[in-house]
Amino acid sequence: MNKAVNDGVWSGSWVAERLGVELLGDPELTDLLGLALRRNPKRAHLLVSNVLGKHVPQSPTVVYGYGFTLGRRVRELLGTEESRRAVVLGYAETATGLGHAVADGIALAPYLHSTRRPVPGVATAGGFEESHSHATSHLLLPEDPALLAGEGPLVLVDDEFSTGNTVLNTIRDLHARYPRGRYVVVALVDMRSAADAGRLDEFAAEIGARVDLVAAASGTVSLPTGVLEKGQELVARYEAGNHSSAAPSGLVAQFPAPLKDKAAAATPSIETTPTPNPPGARGTARPAPTAPHPTDNPSGARGTARPTPTDPHPKNNRVTQVDIRWPKNLPDGGRHGFTPGHRIRLDRALPAMAARLAEALPEDATRIHILGFEELMYAPLRLARELEQIVDAGVTYSTTTRSPVLAVDDPGYAIRTRLTFPAHDTPADGPGDRYAYNIAGAGFDAVVAVLDDTADTPELHAPDGLLARLAEHTPHVVLAVIPSYVPERPAMLPDPLRGPAFSSYAPEEVGWLLQDLSDVTLEAPTEEREEAIQSGGAHYAESLPVEYQPSEQYQQLFHTALDEAADRLALAVGAVTELVLAERSPHPVLVSLARAGTPVGVLMRRWAQHRHGLDLPHYAVSIVRGRGIDANALRWLAAHHDPADVVFVDGWTGKGAITRELTEAIREFEESDGITGFDPEIAVLADPGSCVKTYGTREDFLIPSACLNSTVSGLISRTVLRSDLVGPHDFHGAKFYRELAGADVSVDFLDAVAARFPEVSDAVTVLAKELLAADRTPTWEGWAAVERISEEYGIHDVNLVKPGVGETTRVLLRRVPWKILARAGAGADLDHVRLLAEQRGVPVEEVAELPYTCVGLIHPKYTRGATGADGKAVAV
C-alpha cells in the first residue's frame, strides 16, 4: 500500500494515540486521510484530506484525478442522456474544486457551487445550513435562475460524507423549490456512522426520490466517550503552552508522499487539452507595488479599496505579479455557474496561461507551490496541473481557508504548520483571521498565490498580509490575479412574435425571434442597394429591396408550379422530417433560418403532427452572411430548450455559404457565451450543392416558395441587422407587410403541400429508409462548381455566383442580374426564371454540363452607369 505518511508515520497517529480516535473501514482510508484538532464546540477532531488540495500540499494531478474519476463513475451510473440533464452542485469552501473536477469527469453537466460571498445584483436561488461547520450559511447564486429548476439529476459533491446533515439540508431546501426524481451524492470518503447510514434511504423514501452515493472510500470514525471534552482540553493546553503555529527557522516540514500510483490510475481518461508550451506565450513578471496599493477598483472587483500603509513590509519587495491573461468573460469558478462550454474555453486557454506563469518563476526552482484562495480552488488547481506538465520542478497545490485548526509540529499530525493573516476580501461577516497550512518551513523555492481581484485589496499587501507572511518562508512569491466574474444583469429578451399580430401564419405554426421594424422605412431601389453593397459602402442586411409585386402572369406560374410540384415537395418534407426524428432528436425543436426556411419548418412541423402526433416547437431566427446568426436568439433558445434538441432548418442549399456561416457562428457563440450543444448541421428540403447530410432530396428543382418573397413567407421581409436599429440585447429585425395581405399565398402554399401527405406516406417510408442507409456525406461539389464558374466568367467573387433554382430566382427578384446559366434541356422548372429574365432584359445562356438546373450571375463591379438607370443588364 502506498500509505500517505510523514517520516513513516500515519498523519493521524498523534490524535489517535491521545484521544483514542480510530478510522475503521477501507484500507485506503489512511492514504486519503489524516487527523487534526480544532476548536469547535460540536466536533473536536478534523479529518484532513491528503487529496483534496485544501490543507495538505499535494500533486495537482492527484487532486484533479480523484475528482475527475468520481465524475466518470457518476456518468457511468447515470448514463449519457441522464448526465446531459444533470446539474452538479459543490459545497463551499472545501469542495468547490472537487465539485468542478467531478463535473469535468461527467463532461456534459453544468456546475454550481455554494458560496459564503453575497454578490450584489445576483438573486439568491436557495441556501442551506452546514450544522457542524464554523461558518454555516451557504448561498446559491446562479447567473441563470433556471439552472436548478430542471428535472434531471442533481449531483451533490462534498469532500466527506460524515453525518449526512449537510446533504439532507440541501436536498430538503432545493426539493421544496425544484422537485426532481433523482439525486447523487459524491464524496471522497463516506464516513457515516451506523446510526447515520440509513437516514439517506429514509429521507429518499420520504420525498419520493432516488438517492445514490458515490465515494472513493468508505468507513467510520470510532470516537470514545468524552472525546469532545478531551479534544477541547488538548487544544486549550497546546495553545496556552505557546506551541508555535509556524515551523521554527530551518524546519522542513514533512508532507504526505504524492500518490503518484493512484494518479496514474485515475488520470488516463481525463479529457483535457494537451499542454504544449506555446512559443511566445510568455507573461511579464513585474514587481508588486511597494507604494500604497492602487485604489482604483478593477472591473468586477468587490469591497472598498482603502489606502495601504505607506511603510510596506520590506519582504514584499520579493513579490512579483504576473498577468496570465485570463480569457474575457470566462467565469473564474462555479459561484454563478460553470458550463461544459466554459470548460472547453478554459482547456484551450490553459497552456498559454501556464506558460506565462512559468516565465515568472525562478529558473532554478525545484519545488513550486500553487496556493489557491478559499472558494477559488478550481482555477488555481487547473493552472497548477498545467504547470506541472511543463516545468522541470515538483509542483504542489493547496488553498487558504477560513477554518481554524491547531498546528502541531509532529510527523504523526496532519497540520504541521499554520500561517495566520487577516482576511483580504472584505467578507460579508466582517474581518477575521485566515489560514494557510503546511506552507511555513516546507522549503518551497517559490509560492504562487492565485486569487480573484475581489481579494486583491490593501489587506493582501499589508505588512501582516498573506503576501508578507508567505515571503517569510520562501525566497520567491508570485501573485496571479484572476478577474472575479460578476454576472451582468441580463436584459430580458421578449417572447417570440406570432401571428396574426406579426405574420399571416397561425400563432402555433411559428414563433419569430425577431423585432418588428414594420414602421421603419428600410426599402431602397435595387440598383442603389447593389451599387452600395458592391462598393463596400453598405452591408446587404442594412436595408431591404423594394418588395417585388408579381404580375398576374407570374402569379399564375406560381400556382401551376405548386400544383405540379406538391407531391414532390410533400415527399421531400416527409423524408427530411423522418431523418431528423431518427438521427437528431425524438423531440426536436425546429428553428428555421428566416425567411426561406420558415415555410419548410412549418411543413416539417405539420408532417410530425400528421405522421407521429407530435406538436413540435418551431421558431424562426435571423442569420446574416458575414455577420453570423442572431446570438440573442440563441440565448433565448438555450434558456427555454435543450440546445441539443435544436435543429436548424432552411429551404435549400446553393453553394453552402450559409452552412459554413452557421458552423462558424455557432463556434464563436460557444466561445463567447460558453453555451454548448447547438448542432450547426442544417436540415434542408433540397441539397443540390451537396453541403449537408440531412435533406429530403438533392435534386435541383423548382420549390414554388422560391418564386415569391414575403407573400409566400407569412408576409415577413428579409431580416435586417443595422446598429442604429438593433442593439446588443435586441433580436434582429424584420418587417410585416400587412398591406400585401390581398396577394398573400403563404397559407395556401402550406395547405397545398400538406394535403398531399396521405398520398405520399408510403413513399416517404421507403425514401427515408433508403436515405438512412445511404452515404450522405457532403461532397461540396456545388462549391467547387461555383468557384469554377466564377473564374471562367471573369467574376472572381463567389458571392456573385448564385447556384440553383431558388438562388437564381432571388437574384432576379432582389439583385441586379448579369446573366442566367441554364442547363441544356431544363424544362418547366425554369419557366418562371425565363419569365423573370425576359422582364428584366437578362440573357439566358444554355450550358451543356452544369451541376445545377440553373445559376444566376450578379453583375460584377456593378454601377448604375454600366447598366442604365432601369437596372437592366448591359449587353455583352
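What you see is a predicted model, and the numbers here were worked out from it, not measured in a lab.

Here is what the cut-offs are and how they apply
- Residues numbered from 1 in each chain as written.
- Predicted model: local features only at pLDDT ≥ 70, side-chain atom pairs only at ≥ 80, totals over all residues.
- Heavy atoms only, no water.
- Helix = DSSP H or I, 4+ residues; strand = E, 2+ residues; numbered from the N terminus.
- Buried < 20%, exposed > 50% of the residue type's maximum accessible area, 1.4 Å probe, protein only.
- Contact = heavy atoms within 4.5 Å.
- Areas by Shrake-Rupley, 256 points an atom, 1.4 Å probe, with all protein chains shown as cover.
- Phe/Tyr/Trp six-rings, centres within 6.5 Å; stacked < 30°, edge-to-face > 60°.
- Lys NZ or Arg CZ within 6 Å of the ring centre and 35° of its normal.
- Pairing = 2+ DSSP bridges.
- Axes fitted to C-alpha atoms, helices over the stretch in contact; angles between N-to-C directions.
- Salt bridge = Lys/Arg side-chain N within 4 Å of Asp/Glu carboxyl O.
- Parallel < 35°, antiparallel > 145°, perpendicular 65-115°, else oblique.
- Left-handed = near helix turned anticlockwise from the far one by under 90°.
- Nonpolar A, V, L, I, M, F, W, Y, C, P; charged D, E, K, R; others polar.
- Core = buried A, V, L, I, M, F, W, Y, C linked by side-chain atoms within 4.5 Å.
- Expected span 1.5 Å × (residues − 1).
- Bend = angle between axes of the 7 residues up to and from the residue.
- Polar contact = N/O pair within 3.5 Å; in protein donor to acceptor, adjacent residues only side chain to side chain.

A. Region of interest: the overall build of the protein. Counting its regular elements, the protein contains 25 helices and 36 strands. Here the protein holds 876 residues, and 59% of them are scored as buried. Taking contacts inside the protein between residues at least 6 apart in sequence as the whole, the part at least 24 apart equals 78%. Counting every atom, the protein has about 32,900 Å² of accessible surface; 50% of that belongs to carbon and sulfur.

B. Expanded view of the packing of aromatic side chains. Applying the stated criterion across every chain, the model contains 12 aromatic pairs. Ring geometry for Trp14 versus Tyr238: centroids 5.3 Å apart, planes at 85°, classification edge-to-face. One end of the pair, Trp14, is in helix 1 (residues 13-19); the other, Tyr238, is in helix 9 (residues 227-240), with 224 residues separating them in the sequence. Summarising the burial analysis for this pair, Trp14 and Tyr238 share the class buried. Each ring, one from Phe502 and one from Trp512, has its centre 6.1 Å from the other, and the planes form 75°; the classification is edge-to-face. Separated by 10 residues along the polypeptide, Phe502 in the loop between strand 20 (477-482) and strand 21 (511-512) and Trp512 in strand 21 bring together distant segments of the chain. One residue, Lys819, lies across the ring of Trp818, its end atom 4.8 Å from the ring centre.

C. Examining the sheet that holds strand 7 (residues 111-113) more closely. If you walk across this open sheet you meet the 6 strands as 3-12-11-10-6-7, and the pairing is mixed. One side of each edge strand has no neighbouring strand; the edge strands of this open sheet are strand 3 (22-25) and strand 7. Ignoring strand direction, the axes of neighbouring strands in this sheet form an average angle of 30°. On the sheet, helix 6 (residues 165-177) packs against strand 6 (87-90), strand 10 (154-161) and strand 11 (182-190) and is oriented at approximately 160° with respect to strand 10.

D. Broad picture of the sheet that holds strand 29 (residues 646-652). Pairing is parallel across the open sheet formed by 6 strands, whose spatial order is 21-26-25-29-30-31. On the outer flanks of this sheet lie strand 21 and strand 31 (694-697), each paired with one strand and no other. As paired strands, strand 29 and strand 30 (residues 682-686) are joined by 4 bridges and run parallel to one another. Its bridge partner being in strand 30, Phe648 is matched across the sheet by Ile682. Helix 16 (residues 552-584) contacts strand 29, strand 30 and strand 31 of the sheet and is inclined by roughly 155° relative to strand 31.

E. Spotlight on the pattern of salt bridges. A complete count under the given rule lists 33 salt bridges for this structure. A salt bridge links Asp516 to Arg738, with the shortest nitrogen-to-oxygen separation between them at 3.5 Å. Taken together, the residues Asp516 in strand 22 (residues 515-516) and Arg738 in the loop between strand 32 (733-734) and helix 20 (746-754) connect sequence positions 222 residues apart. Residue classification places Asp516 among the partly exposed positions, given a relative accessible area of 35%.

F. Examining the packing of helix 16 against helix 21 (residues 757-773) more closely. Relative orientation of the contacting elements helix 16 and helix 21 amounts to 50°, with a least axis distance of 8 Å. Here helix 16 lies oblique to helix 21, going by the angle between them. Both helix 16 and helix 21 take part in a crossing whose hand is right-handed. Between helix 16, through Asp567, Ala570, Leu571, Val573, Gly574, Ala575, Glu578, Leu579, Ala582 and Glu583, and helix 21, the contact on the second element is made entirely by Phe757, Glu759, Val760, Ala763, Val764, Leu767, Ala768, Leu771 and Leu772. Looking at side-chain class alone, the contact of helix 16 with helix 21 contains 14 nonpolar, 1 polar and 4 charged residues.

G. Here's a closer look at the nonpolar core. One finds Val155, Ile368 and Tyr413 to be the most contacted residues of the largest nonpolar core, which totals 114 residues. Top contributing element to this core by residue count: helix 3 (residues 60-78), with 8 residues.

H. Spotlight on the environment of Asp751. For Asp751, the location among the structural elements is in helix 20. Distance from Asp751 to Leu603, taken between C-alpha atoms, is 9.0 Å for residues 148 residues apart in sequence.

I. The arrangement of unusual backbone geometry in detail. The linkage connecting Ala92 with the following residue, Glu93, adopts the cis geometry, with an omega of -5°. In this structure, the amide linkage connecting Gly499 to the following residue, Pro500, adopts the cis form with an omega of 0°. Looking at the secondary structure, you find Pro500 in the loop between strand 20 and strand 21. The phi dihedral of Ala107 is positive, around 75°, even though this residue is not glycine. With respect to the helices and strands, the residue Ala107 is situated in the loop between helix 5 (96-106) and strand 7.

J. Spotlight on the environment of Leu140. Examined against the element boundaries, Leu140 turns out to sit in strand 9 (residues 137-140). Leu140 gets classed as buried once you look at its relative accessible area, which sits at 0%. In the structure, Leu140 is positioned 195 residues away from Arg335 in sequence and 7.7 Å away in space, judged by C-alpha atoms.

K. A look at helix 16. Here helix 16 contains 33 residues, and its C-alpha end-to-end distance of 42 Å is more than 12% below the 48 Å for a straight helix at 1.5 Å per residue. Of all the bends in helix 16, the largest measures some 55° and sits at Ala565.

L. Spatial organisation of the side chain of Ser49. For Ser49, the position within the fold is in strand 5 (residues 45-49). Since its relative accessible area comes to 9%, Ser49 is described here as buried. Here the side chain of Ser49 touches Val51 through a polar contact of 3.1 Å, landing on its backbone nitrogen. At 3.1 Å, the side chain of Ser49 and the backbone nitrogen of Leu52 are in polar contact. Among all residues touching Ser49, those that are not within four sequence positions of it are Leu32, Leu33, Val56 and Leu188.

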